[in-house]
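# Observations on the model geometry
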Amino acid sequence: MQIMTPSVILAASALAFDQVPLQFQDGSPNIVRHNDTHGRPNIVFILVDDQDLQMDSLSYTPHTNHYIREQGVFYKNHFVTTALCCPSRVSLWTGKQAHNTNVTEIYPPYGGYPKFVSEGHNENWLPLWLQDAGYNTYYSGKLFNAHTVDNYNLPFVKGFNSSDFVLDPYTYQYLNPVYQRNQDPPISYSGQHTIDVLRKKALALLDDAVAKSHERPFFLTIAPIAPHSNFEMANASDYTTFRFSAPIPLERHSHLFPDAKVPRTEHFNPEKPSGVNWISTLPRQNQTSIDCNDEFYRARLRALQGVDEIVEQVVQRLDDVGVLENTYIFYTSDNGYHIGQHRLHPGKECGFEEDIRVPMFIRGPGIPAGAQVDSVTTHIDLAPTIFEIAGLYLKEEFDGIPVPLTARELEAKKSSTSRHEHVNVEYWGKAGFEGETSRAPDGGPIAFRNNTYKALRVLGHGYNLYYSVWCTNEHELYDLTTDPYELNNLHPSVSGDRGRQLLGYPVEKVISRLDALLLVLKSCKGSTCVKPWEVLHPTGDIQTLSDALSDVFDVFYDDQMKVKYGWCEEGYIVASEGPQVPSIYRGTRWSDWW
């Protein structure tokens, strides 16, 4: 039985809507990109699970490179804002930071599908917005964690004309998946590989979408679980006793890449510990661990081959039916991944580049082939981008802005500072390891508490920085220009080197600006997430870190409240997170205060 859709605008209204120019939150107009006489463009969104950018996985996905990356734009500095699947996905589909969705974990009470529902997002998110604007919407694959065989109808997911979700606790069981179509009961596909099951379902949804595309454009998400690790339960009735093992590739790919290894970068299993908090306590891996983690890495590459085949077949199907040229295709991951860097066993949930920087490609009408974008983009920007593609006015509640797409926009960004240079990274709760060498004495997964932190990535003219404050009130500061692997923590509380130079200034001066910026962003909403400097400097004359480093502001930033936790929590508990409202710069003369 097909899910009943919410009310949509009438066809006549949709035609009229196509004539409305796009509008940003500040009210400035923008030209509609799509001029196809048969209607607005279609959108296909391919969202993989845990794919890395920093460990070279893209060198092993030739179809994705050929059909999407080389035919579109590669966003080189694209970041997630929470390095964990469910919070990241909710942020992506709502255009909001996790501190505004309040979905911060993968399971209740702080996360998962039940939290998504209880926070009201099932009534107010991207597929519903697109349906109301005249799109048919479809989804196949993983949606959120804790979306289970027991709660899939409590309530049903809203916003899709047709859907086929893979459900917990079978989501990550490569050879024992359970899918649930529309409002039908779940069906087990035991013995079949989940990627082959997904491929058939996704292509069937695509065929349905294309058949109706002469009436309404479509939005289709395809969300394979690869290359996420495999989930093994102790028995079918016990969801709580489990372990994560290497992903299981399709049999036809199981022999590939026998010599592949995790790239041996400077921060791979370093001689000296790095990071702070629990990361700084990790022992160096022995050769047995390294060998097992290399095999885990090879399994990830092999598992991605099934995804790569889906990419090829989807693009070819769009081409065969004549709608490829009027279809935007997105390809990205919900978060990144680490294996061995900073002595870490397989996993995510950290603020290092491996975990927060992800693949991001878009191809479609008006997008130049083979282009690259160096400016900062994030998952928070993708819902606004889809709104812009669909010809919709942006929502004031969006915490991001559309990414540049056309050649004209890409060229304009090269000489403009209009796009923000920051990423607000945040995390609450635990961190865990996956893989054969990361077991606790009882055989279960190793987990670390107090993995709660707020962080910044700032990439601007002449600087490339990472700054974080942990719930333990430990700090990190890395200059990725000189230290791309984040091994040398420059924060004086760790380095003991006060007065050292960074960007030509005393490091304490740079830290005072970064901390104030983080103070704004850690609880920002809407436009303040895009233009946080205007909170500190309401006159609007400060737009970048470089602007804020002027000597005239030294006293203001030295006296500014600092980011500081009261205690560690595993969810977004505002009372634990210290100061929320910064001081505002009023000038240096008495006359400026009146």
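Reading guide: rules and limits
Residues numbered from 1 in each chain as written. Predicted model: local features only at pLDDT ≥ 70, side-chain atom pairs only at ≥ 80, totals over all residues. Heavy atoms only, no water. Buried < 20%, exposed > 50% of the residue type's maximum accessible area, 1.4 Å probe, protein only. Helix = DSSP H or I, 4+ residues; strand = E, 2+ residues; numbered from the N terminus. Pairing = 2+ DSSP bridges. Contact = heavy atoms within 4.5 Å. Axes fitted to C-alpha atoms, helices over the stretch in contact; angles between N-to-C directions. Phe/Tyr/Trp six-rings, centres within 6.5 Å; stacked < 30°, edge-to-face > 60°. Lys NZ or Arg CZ within 6 Å of the ring centre and 35° of its normal.

- Per an unreviewed UniProt entry, the protein is named Arylsulfatase, and its organism is Aspergillus bertholletiae.

## Here's the deal with the pairing of strand 21 (residues 463-470)
- Within strand 21, 8 of the 8 residues are buried, which leaves the element mostly enclosed by the surrounding structure.
- Side-chain alternation along strand 21 places Y463, L465, Y467 and V469 on one buried face and N464, Y466, S468 and W470 on a second face that is also buried.
- Bridging between strand 20 (residues 453-460) and strand 21 involves 8 bridges; their strand directions are antiparallel. Paired with G460 across the strands is Y463, a residue of strand 21.
- Here strand 20 folds back onto strand 21 in antiparallel fashion, the turn holding 2 residues, of which G462 has a positive phi close to 95°.
- Direction of pairing for strand 21 relative to strand 22 (residues 475-479): antiparallel, over a ladder of 5 bridges. Looking at the pairing, S468 lines up with E476 of strand 22.

## Some details on the sheet that holds strand 6 (residues 136-141)
- Sheet architecture is open: 10 strands sit in the order 9-8-7-6-10-3-13-14-4-15, paired in mixed fashion. A strand with exactly one partner marks an edge of an open sheet, and here the two such strands are strand 9 (187-188) and strand 15 (371-373).
- In this sheet, strand 7 (residues 162-166) lies alongside strand 6 in parallel orientation, the contact comprising 4 bridges. Paired with Y138 across the two strands is S162, which belongs to strand 7.
- Against the sheet, helix 8 (residues 287-320) engages strand 3 (42-48), strand 10 (218-223), strand 13 (327-333) and strand 14 (360-363), with an angle of about 170° to strand 13.

## Some words on the packing of aromatic side chains
- Following the criterion strictly, the structure yields 34 aromatic pairs and no others.
- Arranged with centres 6.3 Å apart and planes meeting at 0°, the rings of F296 and Y337 form a pair that is stacked. With F296 in helix 8 and Y337 in the loop between strand 13 and helix 9 (353-356), the pair connects residues that are 41 residues apart, well separated along the chain.
- Plain terms: the ring middles of F433 and F448 are 5.4 Å apart, the flat faces sit at 65° to each other, and that makes the pair edge-to-face. Residue F433 is located in the loop between strand 18 (431-432) and strand 19 (447-448), and its partner F448 is located in strand 19; the two are separated by 15 residues in the primary sequence. Neither residue differs from the other here; F433 and F448 are each classed as buried.
- Cluster of aromatic residues (ring-pair linked, three or more members): F45, W93, Y113, F116, W125, Y139, F144, F160, F165, F219 and F330.
- The ring of F74 has R69 sitting right over it, with the charged end atom 4.5 Å from the ring centre.
- The ring of Y337 is capped by R300, whose NZ or CZ atom sits 4.0 Å from the centre of that ring.

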